[in-house]
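Coordinate analysis (summary)
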Amino acid sequence: RTDTEYEDALIAKTFSFQFVNSYASLFYIAFIKPFIPTIDPCLDLNCLGELQTTLGTIFLTRVTVGNLTELGLPMMTTFFNNRKRDKAMQKRRDDAGVTDLRNVPDFSEDGLDLADIVGKQALADLEHKADASEVEQAFAMPHYDVMLGTFEDFAEMAIQFG
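Calculation notes
Per-chain numbering applies: the sequence of each chain, read as written, is numbered from 1 onward. pLDDT decides what is reported in this predicted model: residues at 70 or higher carry local features, side-chain atom pairs at 80 or more are listed and counted, and totals for whole chains, interfaces and linings draw on all residues regardless. Excluded from the side-chain calculation are hydrogens and water; included are all heavy atoms of the structure. For this document, the term salt bridge refers to a Lys or Arg side-chain nitrogen within 4 Å of an Asp or Glu carboxyl oxygen. Exposure categories follow from relative accessible area, calculated using a 1.4 Å probe and restricted to protein chains: below 20% of the type maximum is buried, above 50% is exposed, and the middle band is partly exposed. Secondary structure is summarised from DSSP: a helix means a run of H or I of at least four residues, a strand means a run of E of at least two, and numbering begins at the N terminus for each. Pairs of cysteine sulfur atoms within 2.5 Å are identified as disulfides in what follows. Two rings from Phe, Tyr or Trp (for Trp, the six-membered ring) form a pair when their centres sit within 6.5 Å of each other. Planes less than 30 degrees apart are called stacked, planes more than 60 degrees apart edge-to-face, and all others tilted.

Moving on: the pattern of salt bridges. By the definition in use, this model includes two salt bridges. A salt bridge links K33 to D40, with the nearest nitrogen and oxygen atoms 3.6 Å apart. Of the residues examined, K33 reaches a relative accessible area of 5% and is grouped as buried. On the basis of relative accessibility, which here comes to 24%, the residue D40 falls in the partly exposed class. Between E50 and K33 there is a salt bridge, with its nearest N and O atoms 2.4 Å apart. Of this pair, E50 sits in helix α2 (residues 47–96) while K33 is found in the loop between α1 (3–32) and α2, placing the two residues 17 residues apart along the sequence. As far as the burial class goes, E50 and K33 line up, both buried. One salt-bridge network, held together by shared partners, links K33, D40 and E50.

Enumeration over the complete set of coordinates arrives at one disulfide. Across the disulfide, C42 is cross-linked to C47 (sulfur-sulfur distance 1.5 Å). For the pair C42 and C47, one class covers both residues: buried.

In total, this model carries four aromatic pairs according to the counting rule given. Plain terms: the ring middles of F79 and F80 are 5.3 Å apart, the flat faces sit at 70° to each other, and that makes the pair edge-to-face. Here a set of aromatic residues connected by ring pairs shows up, and it is made of F19, Y23, F27 and F31.

What follows covers the environment of A30. Relative to the elements of secondary structure, A30 occurs in helix α1. Using a relative accessible area of 28% as the deciding quantity, one classes A30 as partly exposed. A sequence separation of 22 residues divides A30 from Q52, and the C-alpha atoms of the two residues are 9.9 Å apart.

Right, dumping it as structure tokens:
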């Protein structure tokens, strides 16, 4: 089976499932529920209000969950990865006995300029140079699958906007 056949089958199955999953309750309320009032009556004999409430609920839930998933999850992952990396770097520094020179006071008790002796300005320059370049920051970003990433974005918009 080729990649194109696989992608076509995946698209057909996913859209079919998402369409039925998203709109089945709306079709039931709009087209079936008004004709079976003895089994499942509409609220105040008005199915349109119930349809409106259900549609609003489904829409807002999908938008909220989608935004939290697309924005919150990568942000949290990046935060925890950075925190883990910083802890590992601090542990290596502690194990090597390296002192953080930023904790050294600027002047000693007798007025000696310790900041100049320790080289705090040079340390600040080194830290600025040690910041990750734009390419390194892009490399550290979460992976975006070329096929499934755009497919999931398109599927979300197709279901959301019809």
